[in-house]
Amino acid sequence: MKKFIEQLLKDKDGSFSLRELATGLFILVVIISWIAQQFFKLDVPEFMFYSFVSLVAAGCFGYSIE
């Protein structure tokens, strides 16, 4: 499990990257907010959800620029 997480946090050159960490954290936040809204009926501000999704998209878009 530790090796899998290390591989997720590395970029294409094999070094650790903050972009992968930030994108992973934003994906985790989006999943948690979706679960909170769907199953626990907690209101998540819509603009926050869209901003986190756009940050994930920006992290993924960075790979196409490289």
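Just above sits the structure.
A. Representation of the packing of aromatic side chains in the model. Within the structure shown, the criterion is met by one aromatic pair. Taking the centre distance of 5.8 Å and the plane angle of 85° together, the rings of Trp-34 and Phe-39 count as edge-to-face. On the basis of relative accessible area, Trp-34 is assigned to the partly exposed category, the value being 42%.

B. Molecular detail of the environment of Glu-6. When you line up the elements, Glu-6 lands in helix α1 (residues 2-8). Sequence-wise, Glu-6 and Trp-34 are 28 residues apart; in three dimensions their C-alpha atoms are separated by 26 Å.

Cut-off values and rules
- Residues numbered from 1 in each chain as written.
- Predicted model: local features only at pLDDT ≥ 70, side-chain atom pairs only at ≥ 80, totals over all residues.
- Heavy atoms only, no water.
- Phe/Tyr/Trp six-rings, centres within 6.5 Å; stacked < 30°, edge-to-face > 60°.
- Buried < 20%, exposed > 50% of the residue type's maximum accessible area, 1.4 Å probe, protein only.
- Helix = DSSP H or I, 4+ residues; strand = E, 2+ residues; numbered from the N terminus.

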